[in-house]
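The chain contents come next:
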Amino acid sequence: MKPLLWTVVVFLLSLSGTRGNGVLFTKHPSNQTVSQGKEVRLGCAVEGVTEPDIMWIKDGEKLYSTDQVFLTLGEQHWETSHSVKSVQQQDAGQYWCEVEHQGQTFSSDRAWVTVEGVPHFTEEPQDVAVFPNTPFNLSCSAVGPPEPVEVLWWLGGVQKGDPKLSHSVLRVPGQSRRGVSAEHVVL
Ligand SMILES: *[C@@H]1O[C@H](CO)[C@@H](O)[C@H](O)[C@H]1NC(C)=O
Ligand SMILES: *[C@@H]1O[C@H](CO)[C@@H](O)[C@H](O)[C@H]1NC(C)=O
């Protein structure tokens, strides 16, 4: 390549990087998977700004936090974090931090927070009325996160088979007894 072309390429690279006007993210938030109710903490550090004016953004919306703490890592070098003490499903999403400097906005890398909770049923076995000795099916589904969800069946107080991936169908052979209860638990 000719020297002029190189100059153009280097200029474009410096525009697209996180460094501009001497502003550099030295720490980016990282992807995290946490259980519901646990604490989540995301960190960000910026070098090259005199004012520690770092904002946290979630799914494009600015997060207003009254207790945002800034740590000095050095001259013009600030670290801050965003934490949620007891994480809930609505805290799941994409987070990043932004800093404004001389009329320009600089963004860190984006990180996903995934919240794992208790699986919940999307389909539960229905009461069925059948003639004696007539086979029938019961079905059950549950979803996470976390996935996969396994379903374990109990029939008349007895465990039926091994845990199976949701959606699960239990094939019940003909029953001679009256009234059998099927229970299901998710693992
Ligand atoms: C974070 O998660 C997203 C979505 O799952 C993925 O595309 C990205 O590569 C992950 N980043 C890192 C640094 O692992
Ligand atoms: C139960 O489900 C199986 C397939 O999973 C199907 O072949 C069978 O016909 C069903 N039985 C009844 C009674 O619906």
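Residues numbered from 1 in each chain as written. Chains lettered and ligands numbered in written order. Predicted model: local features only at pLDDT ≥ 70, side-chain atom pairs only at ≥ 80, totals over all residues. Heavy atoms only, no water.

## A short note on the overall build of the protein
Note the following rule: Strands are runs of DSSP state E lasting at least 2 residues, helices are runs of H or I lasting at least 4, and numbering of each runs from the N terminus. Only protein chains enter the area calculation, which uses a 1.4 Å probe; residues under 20% of their type maximum are buried, those over 50% are exposed, and those in between are partly exposed. Residue contacts are defined here by distance: any two heavy atoms, one from each residue, within 4.5 Å place the two residues in contact. Throughout, the Shrake-Rupley method with a 1.4 Å probe supplies accessible areas, and for residues the shown protein chains are the sole cover considered.
If you tally the helices and strands in the protein, you get 1 helix and 16 strands. Residue burial in the protein is summarised as follows: out of 187 residues, 30% are buried. Taking the contacts inside the protein whose residues are at least 6 apart along the sequence as the reference set, 62% of them involve residues at least 24 apart. By element, 53% of the accessible surface of the protein is carried by carbon and sulfur atoms, the whole surface being about 12200 Å².

## A short note on the packing of aromatic side chains
Here is the rule: Pairing of aromatic rings covers Phe, Tyr and Trp, the last counted by its six-membered ring, and requires centre-to-centre distances within 6.5 Å; plane angles under 30 degrees mean stacked, over 60 mean edge-to-face, and any other angle means tilted. The rule for a charge over a ring is simple: NZ of Lys or CZ of Arg within 6 Å of the ring centre, and within 35 degrees of the ring normal.
This model, assessed by the stated rule, comprises 0 aromatic pairs. Just above the ring of W96 sits the side chain of R110; from NZ or CZ to the centre is 3.6 Å.

## Notes on the side chain of T80
Structurally, the position occupied by T80 is in strand β7 (residues 77-84). Judged by relative accessible area, which is 1%, T80 ranks as buried. If we ignore the near neighbours within four places in the chain, the residues touching T80 are L42, G43, C44, I54, W56, Q68, V69 and F70.

## Let's talk about the pairing of strand β13 (residues 150-155)
Strand residues, when the strand is regular, have side chains that alternate between the two faces of the sheet. Filter applied, for reference: The criterion for strand pairing is that DSSP finds at least two bridges linking the strands in question.
Pairing geometry for β13 and strand β14 (residues 158-165), over 5 bridges, is antiparallel. Bridging from a neighbouring strand, W153 pairs with K160 of β14. In textbook terms, the turn of a hairpin is the stretch between consecutive antiparallel strands, and for β13 and β14 this stretch comprises 2 residues, one of which, G156, has a positive phi near 55°.

## Comments concerning the UniProt feature "domain: Ig-like" (unreviewed entry) in the protein
Short version of the rule: UniProt positions are given in the numbering used here, feature names are shortened, and annotations may be inferred rather than shown by experiment.
Sites flagged by UniProt as "domain: Ig-like" (unreviewed entry) map to residues 3-114 and 119-153. Secondary structure content for residues 119-153 is 0% helix and 46% strand, and the end C-alpha separation is 16 Å.

## A look at the state of the cysteines
Here a disulfide denotes one covalent bond, and it connects the sulfur atoms of two cysteines. Selection rule: Cysteine sulfur atoms that pair up within 2.5 Å are treated as a disulfide.
Using the criterion set out here, one finds 1 disulfide in the structure. Put simply, C44 and C97 are joined by a disulfide, and their sulfur atoms are 1.6 Å apart. Within this pair, whereas C44 is found in strand β3 (residues 40-47), its partner C97 is found in strand β8 (residues 93-101), the two being separated by 53 residues in sequence. Taken individually, C44 and C97 each receive the classification buried, so the pair is uniform in this respect.

## Notes on the sheet that holds β7
The criterion, for reference: Note on method: axes are straight lines fitted to C-alpha atoms, helices fitted across the in-contact stretch only, with angles between N-to-C directions ranging 0 to 180 degrees.
Read from one edge to the other, the open sheet built from 4 strands follows the order β1-β3-β7-β6, with strand pairing classed as antiparallel. Since the sheet does not close on itself, it has two edges, and those belong to β1 (24-27) and β6 (70-74), each with one partner. Looking at each pair of strands side by side, their axes are set apart by 30° on average, direction ignored. When β6 meets β7, the two strands line up antiparallel, connected through 4 bridges. If you follow G74 over to β7, its bridge partner there is H77.

## Quick look at the nonpolar core
Put simply, the rule reads: We call a set of buried residues a nonpolar core when its members are Ala, Val, Leu, Ile, Met, Phe, Trp, Tyr or Cys and they connect through side-chain atoms within 4.5 Å of each other.
F25, V46, V99 and V113 are the most contacted members of the largest nonpolar core, which has 19 residues in total. Looking at this core, the elements that each hand over two or more residues are β3, β4 (54-58), β7, β8 and β10 (111-116). The contact partners of V46, leaving out residues within four places of it in the chain, are V23, L24, F25, T26, I54, Q76, H77, W78 and V99. In this structure, C140, W153, L155 and V172 belong to the second largest nonpolar core, which totals 8 residues.

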